[in-house]
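Now for the letters of each chain:
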Amino acid sequence: MKALFNHFYETYHQDIYNYVFYMVKDRTVAEDIVQEVYIRIIKSYDRFRGDSSEKTWAFSIARHAVFDHFRKQKRKKKHTNETVDLSEWTEFIPTTEAAPDEVVIQQEDMQVLYRLLDKCSINQKQVVVLRYIQGHSLKETAEILNMTVSNVKTLQHRAIKKLKNLFAKEKKGGELGD
């Protein structure tokens, strides 16, 4: 069992953690969910049939764990308007060789984008996170989400369109407020 855990941890931990973190935007909650993911992997590995890659299977488990978390939150009916500490996101924003002022603008744009991502549907958000932040292929994303490639493409298109519109409104509103 320890060897199985070590294999999954060494191979997939950072990707799974990042996916969960992008979905829940809370480091402590993400750590708890990832722990649950490993428990589920270890408990159900003997039923893994190999119909998909191990990575896809593990991400599918992570996806279900995130959904379970959201369901529990809904049941608790804690609809608070929490703010996200965006300073935690900086470690996930890719570094560039741009000038410092360009990097600041890029980081501000990324923070706006991450905030606007919450205005997308859960499926749109998952597609964006898996495709653009995690770098999964269309096929992998479809397998993880248990959807067709066509559905993923549609969700991706709608999410990008929505984010572009929201981002434009955000930028326009920011310029008017200056």
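As a reminder, the structure under discussion sits directly above these lines.
From a predicted model like this one, the values you see are computed outputs, not experimental measurements. (Residues numbered from 1 in each chain as written. Predicted model: local features only at pLDDT ≥ 70, side-chain atom pairs only at ≥ 80, totals over all residues. Heavy atoms only, no water.)

Student: Just to check I follow, could you spell out the packing of aromatic side chains for this structure?
Tutor: One pair of aromatic rings is described through two measures. These are the centre distance and the angle between the planes. Overall, the coordinates contain 13 aromatic pairs when judged by the stated rule. With a centroid separation of 5.1 Å and 70° between ring planes, the pair formed by Phe5 and Tyr38 is classed as edge-to-face. Of this pair, Phe5 sits in helix α1 (residues 2-24) while Tyr38 sits in helix α2 (residues 27-44); the two residues are 33 residues apart in sequence, bridging distant segments of the chain. By relative accessible area, Phe5 is classed as partly exposed at 31%. Feature note: the residues Phe8, Tyr12, Tyr45, Phe48 and Trp57 constitute an aromatic cluster, connected by ring pairs. (Phe/Tyr/Trp six-rings, centres within 6.5 Å; stacked < 30°, edge-to-face > 60°. Helix = DSSP H or I, 4+ residues; strand = E, 2+ residues; numbered from the N terminus. Buried < 20%, exposed > 50% of the residue type's maximum accessible area, 1.4 Å probe, protein only.)

Student: Would you mind going over the packing of α1 against helix α5 (residues 122-133) with me for this structure?
Tutor: Packed helices, taken two at a time, are described by the angle their axes make and the gap between the axes. Relative to each other, α1 and α5 sit at 145°, their axes nearing to 10 Å. The interaxial crossing formed by α1 with α5 has right-handed handedness. Together, Tyr19, Tyr22 and Met23 of α1 and Ile122, Lys125, Gln126, Val129, Leu130 and Ile133 of α5 make up the contact between the two elements. Taken together, the residues of the contact of α1 with α5 sort by class into seven nonpolar, one polar and one charged. (Axes fitted to C-alpha atoms, helices over the stretch in contact; angles between N-to-C directions. Left-handed = near helix turned anticlockwise from the far one by under 90°. Contact = heavy atoms within 4.5 Å. Nonpolar A, V, L, I, M, F, W, Y, C, P; charged D, E, K, R; others polar.)

Student: Teacher, can you tell me more about the pattern of salt bridges here?
Tutor: Here the idea is simple: oppositely charged side chains can pair when their charged atoms come close. Across all of its chains, the model carries six salt bridges by this definition. Linking Asp118 and Lys25 is a salt bridge whose minimum nitrogen-to-oxygen distance equals 2.7 Å. Separated by 93 residues along the polypeptide, Asp118 in the loop between α4 (100-117) and α5 and Lys25 in the loop between α1 and α2 bring together distant segments of the chain. Look at Asp118 and you get partly exposed, because its relative accessible area is 42%. (Salt bridge = Lys/Arg side-chain N within 4 Å of Asp/Glu carboxyl O.)

Student: Can you help me understand α1 in this one?
Tutor: Note that an α-helix has 3.6 residues per turn; residues three or four places apart therefore point the same way. Over its 23 residues, α1 extends only 28 Å from the first C-alpha to the last, a length that falls short of the 33 Å expected when each residue adds 1.5 Å. Residue Lys25 follows α1 closely and has a positive phi angle near 55°. (Expected span 1.5 Å × (residues − 1).)

Student: So what exactly am I meant to see when it comes to the packing of α1 against α2 here?
Tutor: The interhelical angle for the contact between α1 and α2, taken along N-to-C directions, is 140°, at an axis separation of 9 Å. By the angle class used here, α1 and α2 are oblique. Of the two elements, α1 crosses α2, and the hand of that crossing is right-handed. Residues Leu4, Phe5, Phe8, Tyr9, His13, Ile16, Tyr17, Val20, Phe21 and Val24 of α1 lie in contact with α2, whose contacting residues are Arg27, Val29, Ala30, Glu31, Ile33, Val34, Val37, Tyr38, Ile41 and Ile42. Of the residues assigned to the contact of α1 with α2, the class counts are 17 nonpolar, one polar and two charged. (Parallel < 35°, antiparallel > 145°, perpendicular 65-115°, else oblique.)

Student: Is there a simple way to think about the side chain of Ser44 in this case?
Tutor: Along the chain, Ser44 turns up in helix α2. Of the residues examined, Ser44 reaches a relative accessible area of 14% and is grouped as buried. Discounting chain neighbours no more than four positions away, the residues touching Ser44 are Trp57 and Ile61.

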